[in-house]
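# Summary of the model geometry
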Amino acid sequence: DDGTTGDLTEGSKFLIKYSSVPSQAWDIMDYNWYVSTAVARGTFSAHIVTGLMEETSYYFYIKTADESGIWSPLSNKTTAYSVDGIAPDAVTDLDSSPGAQAERFH
């Protein structure tokens, strides 16, 4: 249990924090949540974040703890941008016509 190698077994967890303020430090970030987990090293994990303000940049960090409660170092900061939530209009004027050369697509 050195906090940096191996699988995350039962009792392990992620601590994810995020903020819309780019300079906000880990210790005082606006939002955080713990996710209990047991995953093999290298496993892709995802979590959907809801309730975000539209058209806003968010800055995320994560730490992991093994089953002994030993926390990893702080991750690199990553940035995500929330969209406006409005679906584009349906395409109604799409047309095609034969060109000078026929192309075959695989």
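This text follows the structure it describes.
What comes next is a walk through the structure. (Residues numbered from 1 in each chain as written. Predicted model: local features only at pLDDT ≥ 70, side-chain atom pairs only at ≥ 80, totals over all residues. Heavy atoms only, no water.)

### Topic: the packing of aromatic side chains
For the structure on display, the rule yields six aromatic pairs. A centroid spacing of 5.0 Å and a plane angle of 20° characterise the contact between Y18 and Y31, whose relative ring orientation is stacked. Here Y18 is found in strand β1 (residues 8-19), whereas its partner Y31 is found in strand β2 (residues 31-39), with 13 residues between them in sequence. Among the aromatic residues, those joined into a ring-pair cluster are Y18, Y31, W33, Y58 and F60. The lysine or arginine in question, K17, covers the ring of W26, its NZ or CZ lying 4.7 Å from the ring centre. (Phe/Tyr/Trp six-rings, centres within 6.5 Å; stacked < 30°, edge-to-face > 60°. Helix = DSSP H or I, 4+ residues; strand = E, 2+ residues; numbered from the N terminus. Lys NZ or Arg CZ within 6 Å of the ring centre and 35° of its normal.)

### Examining the pairing of strand β3 (residues 57-65)
In terms of strand pairing, β1 meets β3 through seven bridges, oriented antiparallel. Paired with Y18 across the bridge in β3 is F60. (Pairing = 2+ DSSP bridges.)

### Side note on the sheet that holds β3
Across the sheet, which stays open at both edges, the four strands sit in the order β2-β1-β3-β4 with antiparallel pairing between neighbours. The sheet is open, and its two edges are formed by β2 and β4 (78-81), each paired on a single side. On average, each strand axis in the sheet is inclined to that of its neighbour by 30°, with strand direction left out of account. Across four bridges, β3 lies against β4 in antiparallel orientation. Directly across from F60, in β4, lies its bridge partner T78. (Axes fitted to C-alpha atoms, helices over the stretch in contact; angles between N-to-C directions.)

It is worth stressing that arrangement in space is one thing and function is another; only the former is reported here.
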